[in-house]
Amino acid sequence: MQITLSVATSIRICMASALLLMLSVPAQADLPKAAMDDYVWKALDPARKSDYFDNECEYDSLVAYRKCLERDLEKHDNKLSEKWGLSERVSREKDTIYIDVPNRSLPLVFRDELFAPDGQSHSYFSLYEYDEKRQLLYVLKSFPEIENTILINLKTGFYQQFDGIDISVSPNKERITTVERYIGEENITIWQKHREGSYQRVYESDPSELKAHLAFYQNRDQKHDFEDVDIKWQGNDSVLVDFYYLINETDDVGYRVRFKVVKNVKASEWQIVPIK
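Residues numbered from 1 in each chain as written. Predicted model: local features only at pLDDT ≥ 70, side-chain atom pairs only at ≥ 80, totals over all residues. Heavy atoms only, no water.

**Q** It is not clear to me how helix 3 (residues 207-217) should be interpreted in this structure. Could you clarify?
**A** The α-helix winds at 3.6 residues per turn, so residues separated by three or four positions along the chain end up facing the same way. Three or more residues of helix 3 are buried, namely Leu210, His213, Leu214, Phe216 and Tyr217. Seen along its axis, helix 3 keeps its buried residues to an arc of 145°; they face one direction. Residues of helix 3 that are buried sit in contact with strand 12 (187-193), strand 15 (238-246), strand 16 (253-262) and strand 17 (271-275). (Buried < 20%, exposed > 50% of the residue type's maximum accessible area, 1.4 Å probe, protein only. Helix = DSSP H or I, 4+ residues; strand = E, 2+ residues; numbered from the N terminus. Arc of directions from axis to C-beta. Contact = heavy atoms within 4.5 Å.)

**Q** Teacher, can you tell me more about the pairing of strand 8 (residues 147-153) here?
**A** Along any regular strand, the residues point their side chains to alternate faces of the sheet. Summarising burial for strand 8: seven of the seven residues are buried, a large majority. Across the two faces of strand 8 the burial is the same, with Glu147, Thr149, Leu151 and Asn153 and Asn148, Ile150 and Ile152 all buried. With seven bridges connecting them, strand 7 (residues 136-142) and strand 8 associate as antiparallel partners. Of the residues in strand 8, the one forming a bridge with Leu137 is Ile152. Between strand 7 and strand 8, which follow one another and run antiparallel, lie four residues. Linkage of strand 8 to strand 9 (residues 159-163), two consecutive antiparallel strands, is achieved through a turn of five residues, within which Gly157 is found at a positive phi near 90°. (Pairing = 2+ DSSP bridges.)

**Q** Help me out: how do you make sense of the sheet that holds strand 8 in this one?
**A** Strand pairing in a sheet relies on backbone hydrogen bonds, with the paired strands running either antiparallel or parallel. Spatially, five strands are ordered 5-6-7-8-9 in an open sheet, and the strand pairing comes out antiparallel. Here the strands that pair on one side only, and so sit at the sheet edges, are strand 5 (113-114) and strand 9. By the bridge criterion, five bridges tie strand 8 to strand 9 in an arrangement that is antiparallel. When the sheet's bridge partners are listed, Asn148 is paired in strand 9 with Asp163. Docked against the sheet, helix 2 (residues 62-83) engages strand 5 and strand 6 (122-131), running at close to 10° with respect to strand 6. (Axes fitted to C-alpha atoms, helices over the stretch in contact; angles between N-to-C directions.)

**Q** Is there a simple way to explain the sheet that holds strand 10 (residues 166-169) in this structure?
**A** The strand order 10-11-12-13 describes an open sheet built from four strands, whose pairing is antiparallel. One side of each edge strand has no neighbouring strand; the edge strands of this open sheet are strand 10 and strand 13 (199-204). Averaged over all neighbouring strand pairs, the angle between strand axes comes to 25°, with direction disregarded. As judged from the five bridges shared by strand 12 and strand 13, these two strands associate in the antiparallel manner. By the bridge assignment for strand 13, Trp191 is matched with Arg201.

**Q** What is the right way to read helix 2 from this model?
**A** With 22 residues, helix 2 should reach 32 Å at 1.5 Å per residue; the first-to-last C-alpha distance of 31 Å fits that figure. For helix 2, every residue scored as buried is listed here: Tyr65, Cys68, Leu69, Glu70, Leu73, His76, Asp77, Leu80 and Ser81. Looking at the buried positions of helix 2, the neighbouring elements they touch are strand 2 (90-93), strand 3 (96-99), strand 5 and strand 6. Positioned one or two residues after helix 2, Gly85 has a phi angle of 75°, which is positive. (Expected span 1.5 Å × (residues − 1).)

**Q** Just checking my understanding: could you explain the packing of aromatic side chains for this structure?
**A** The relation between two aromatic rings is expressed through the spacing of the ring centres and the mutual angle of the planes. Applying the stated criterion across every chain yields a total of 19 aromatic pairs. Where Phe226 meets Phe243, the ring centres are 5.0 Å apart and the plane angle is 55°; that geometry is what we call tilted. Linking Phe226 in strand 14 (residues 225-233) with Phe243 in strand 15, this pair joins segments that are 17 residues apart in sequence. For the pair shown, Phe226 and Phe243 are each scored as buried. Taken together, a centroid distance of 5.8 Å and an interplanar angle of 25° make the contact between Tyr245 and Tyr255 stacked. Here Tyr245 is found in strand 15, whereas its partner Tyr255 is found in strand 16, with ten residues between them in sequence. By relative accessible area, Tyr245 is classed as buried at 2%. The buried category is assigned to Tyr255, whose relative accessible area is 0%. Members of the aromatic cluster, joined through ring pairs, are Tyr39, Trp41, Phe216, Tyr217, Phe226, Phe243, Tyr245, Tyr255 and Phe259. The positively charged end of Lys276 is found above the aromatic ring belonging to Phe216, 3.9 Å away from the centroid. (Phe/Tyr/Trp six-rings, centres within 6.5 Å; stacked < 30°, edge-to-face > 60°. Lys NZ or Arg CZ within 6 Å of the ring centre and 35° of its normal.)

**Q** What is the right way to read the side chain of Arg92 from this model?
**A** Looking at the secondary structure, you find Arg92 in strand 2. Within the structure, the side chain of Arg92 is placed 2.6 Å from the side chain of Asp77, a separation counted as a polar contact. Side-chain polar atoms of Arg92 contact the backbone oxygen of Lys94, separated by 2.9 Å. Among residues more than four places away in sequence, those in contact with Arg92 are Leu73, Glu74, Asp77, Asn78, Ile97, Asp112, Phe125 and Ser126. (Polar contact = N/O pair within 3.5 Å; in protein donor to acceptor, adjacent residues only side chain to side chain.)

**Q** Can you help me understand the state of the cysteines in this one?
**A** By definition, a disulfide links two cysteine residues through a covalent bond between their sulfur atoms. Applying the stated rule across the entire model yields one disulfide. Across a sulfur-sulfur distance of 2.1 Å, Cys57 and Cys68 are joined as a disulfide pair. Here the disulfide of Cys57 and Cys68 is left-handed, its torsion about the S-S bond being about -85°. Here Cys57, found in the loop between strand 1 (41-43) and helix 2, pairs with Cys68, found in helix 2; they are eleven residues apart in sequence, far enough to count as distant. (Disulfide = S-S within 2.5 Å.)

Right, dumping it as structure tokens:
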């Protein structure tokens, strides 16, 4: 026997569904949103840094691509090495960077890898930044889709690779902050130096910790482009991390979303605090 609902029952069900929908919409609409005075704007350099290697080599063949990279990288790296006063310690020959460091009879060697006929599986190194005061050299390792940073201490010879290109060392060199740029999944990591000299993760942000603060500035119907990062240590237990977003892809001015990652006392855990 087929059972059918009465007209009155159907009307009551529709009204209840509509009421639930009406109650759910204001809950989202009532979330606080940034006013114009809440935005902090900054002119952003599309080239990111003047020392960044912009790979303009076209892939006609593996041999041609390799020759182009060797020529352009050799010019880029040796020019920076001379500019930084490191010509006697840091140099590139064709596909290899050589770096003389203490406590090693042979230099550190970073060699480009071009090993796929389609040109998609390759990596190359390039000099990126130099902190003369603290003798810290930064080398990028670039892949087709991502880039990593190698931190080299020219005083000790220590080196370690970190994900991404956004990295900052604390004043006492005991901690490092890195930021990985994912679409909608940005990440902040704190690293602590251990006895053997390497840095290990002691804090990694959860995406949910960032999204609520990002949503305060962003239109829920439009994803803004993540363009740049500023990392500034305030002592050894607190660091400001500023994300900059473009409303339109062609903009050259972005708005700031600021976070502070702080460790209040030695026994406490690292915590992230949104800053407006």
